[in-house]
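An overview of the molecular structure
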Amino acid sequence: MRIVVLAGGIGGARFLRGLQRASPDADITVIGNTGDDIHLFGLKVCPDLDTVMYTLGGGINEEQGWGRTDETFHLKEELAAYGVGPEWFGLGDRDFATHIVRTQMLSAGYPLSAVTEALCDRWKPGVRLIPMSDDRVETHVAVTLPDSGERKVIHFQEYWVRLRASVPAEAVVPVGAEQAKPAPGVLEAIAEADVILFPPSNPVVSIGTILAVPGIREAIADAGVPVVGLSPIVGDAPVRGMADKVLAAVGVESTAAAVAEHYGSGLLDGWLVDTVDGSTVERVEAAGIRCRAVPLLMSDLDAAARMAHEALTLAEEVRGA
Ligand code: GDP
Ligand code: CA
């Protein structure tokens, strides 16, 4: 079975680990979000691609859900001693090596998709990981700074990591997305898929950004195979992160049902909500999306595998309908 998964960072990566357990023989292609990418210290950092690569490759810091295991921060301290920032973004010594290799290869003229493949040669994530695009796309967030009252547009990482999403996101813009082309292999994988899954990744700044690359949304809608998603919102709040803030910015309430409606029946065939949101199943089905309530907390690998199994079961139900 060929499965295509659109993935952000931690929600996508942990789900993918469950999917590999639930469907060990599946041929999985991951289309990764690159809207979070940022240049720091002259290096190109791709947080979501790396979270998927490290998580599936066994190098992730499990507690944090991002960055490397057994990490040290000597390089960062040395940079800070020179007064070179930003100090708010945590790059560890082991992690730095990934960004150095990536930046070197990009400078030598390789596209990001080829660089990602080369990095995955080391990590062997067991999936084909393709960035959504080789072109630069950067998610920016419009905010009003509380101290000065100044309205500013900042990089998504500055909103999330530096400001901890402490002020409302007034708008979310995937800068460059309109001109971006899907990376080589993206549309082909979608066209050849048997099932397409939206893991419980952020619907705005992870999956929404991938869908903003012209051609990807259309290819999924036209693929003619079941498209099934899992809600990142449980009990009217994100399980972790700031999905509520960025959903508000696009006028969507933070509920499992509203996120399903936001994707819409033109894109989604099936949607899983958590059992605590069981009362919303009817509302989602009224929107033309087949819906089931199952446990959606990835407390461990088994729980994630059960979620993946439920998603594939729902996909088969959709196919048979
Ligand atoms: P990021 O790029 O690291 O923010 O990761 P993603 O976009 O892939 O995933 C973030 C989303 O995952 C957040 O909106 C969380 O609510 C959701 N999430 C994290 N853990 C879980 C979980 O155990 N269950 C569910 N349903 N959602 C989760
Ligand atoms: Ca992310």
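Up top you'll find the structure we're talking about.
Before going into details, it helps to say that this report is about the structure given with it. (Residues numbered from 1 in each chain as written. Chains lettered and ligands numbered in written order. Predicted model: local features only at pLDDT ≥ 70, side-chain atom pairs only at ≥ 80, totals over all residues. Heavy atoms only, no water.)

A look at the coordination of the calcium ion (ligand 2)
- Of the protein atoms, only Asp 36 (OD), Asp 48 (OD) and Asp 48 (OD) coordinate the calcium ion (ligand 2), at distances of 2.0 to 2.6 Å. On the criterion of sequence distance, the pair formed by Asp 36 in the loop between strand S2 (27-32) and strand S3 (38-40) and Asp 48 in helix H2 (residues 47-57) is long-range, its members being twelve residues apart. (Donors = N, O, S within 2.8 Å, 3.2 Å for Na, K, Ca; no water. Helix = DSSP H or I, 4+ residues; strand = E, 2+ residues; numbered from the N terminus.)

Focus on the nonpolar core
- In this structure, Leu 6, Ile 196, Phe 198, Ile 220, Tyr 263 and Trp 271 are the most contacted members of the largest nonpolar core, which totals 56 residues.
- The leading source of residues in this core is helix H11 (residues 256-263), at six residues.
- Discounting residues that sit within four places of it in the chain, Ile 196 has contacts with Val 4, Ile 190, Ile 220, Ala 223, Val 225, Pro 226, Val 227 and Val 228.
- The next biggest cluster of nonpolar side chains, apart from the first, holds 39 residues, and it includes Ala 26, Val 30, Leu 49 and Ala 308. (Core = buried A, V, L, I, M, F, W, Y, C linked by side-chain atoms within 4.5 Å. Buried < 20%, exposed > 50% of the residue type's maximum accessible area, 1.4 Å probe, protein only. Contact = heavy atoms within 4.5 Å.)

So, the pairing of strand S10 (residues 227-230)
- The two faces of S10 match: Val 227 and Gly 229 on one face and Val 228 and Leu 230 on the other face are all buried.
- Pairing analysis gives three bridges linking strand S9 (residues 195-198) to S10, with the strands arranged parallel. In the strand pairing of S10, Ile 196 is matched with Val 227.
- Of the strand pairs in this sheet, S10 and strand S13 (residues 270-273) are connected by three bridges, and their pairing is parallel. Its bridge partner lying in S13, Gly 229 is registered against Trp 271. (Pairing = 2+ DSSP bridges.)

Points about the sheet that holds S2
- Pairing in this open sheet of seven strands is parallel, and the strands run S5-S2-S1-S9-S10-S13-S14 from one edge to the other. Both edges of this open sheet fall to strand S5 (128-131) and strand S14 (290-293), since each of them pairs with a single strand only. Averaged over all adjacent pairs, the angle separating strand axes in this sheet is 20°, with direction ignored. (Axes fitted to C-alpha atoms, helices over the stretch in contact; angles between N-to-C directions.)

Things to note about the environment of Lys 124
- On the secondary structure map, Lys 124 appears in the loop between helix H5 (112-123) and S5.
- Along the backbone, Lys 124 and Met 53 are 71 residues apart, and their C-alpha atoms lie at a distance of 8.0 Å.

Some points on the packing of helix H4 (residues 93-107) against H5
- Put simply, H4 and H5 touch, their axes get as near as 10 Å, and they point 140° apart. Compared by their axis directions, H4 and H5 come out oblique. Handedness of the crossing formed by H4 with H5: right-handed. Contacts between H4 and H5 involve Thr 98, Val 101, Arg 102, Met 105 and Leu 106 from the first element and Leu 112, Ala 114, Val 115, Ala 118 and Leu 119 from the second.
- Of the residues contributing to the contact of H4 with H5, the split by class is eight nonpolar, one polar and one charged. (Parallel < 35°, antiparallel > 145°, perpendicular 65-115°, else oblique. Left-handed = near helix turned anticlockwise from the far one by under 90°. Nonpolar A, V, L, I, M, F, W, Y, C, P; charged D, E, K, R; others polar.)

Points about the packing of aromatic side chains
- The tally for this structure, following the rule as stated, stands at five aromatic pairs.
- Measuring from centroid to centroid gives 5.1 Å for Phe 198 and Tyr 263, while their planes differ by 65°, and the two rings are edge-to-face. Residue Phe 198 is found in strand S9, and its partner Tyr 263 is found in helix H11; the two are separated by 65 residues along the sequence.
- An aromatic cluster is present here, built from Phe 198, Tyr 263 and Trp 271 joined pairwise through their rings.
- If you follow Arg 68 out to its NZ or CZ, it ends over the ring of Tyr 54, 5.6 Å from the centre.
- Above the face of the Trp 160 ring, Arg 164 is positioned so that its terminal group lies 4.9 Å from the ring centre. (Phe/Tyr/Trp six-rings, centres within 6.5 Å; stacked < 30°, edge-to-face > 60°. Lys NZ or Arg CZ within 6 Å of the ring centre and 35° of its normal.)

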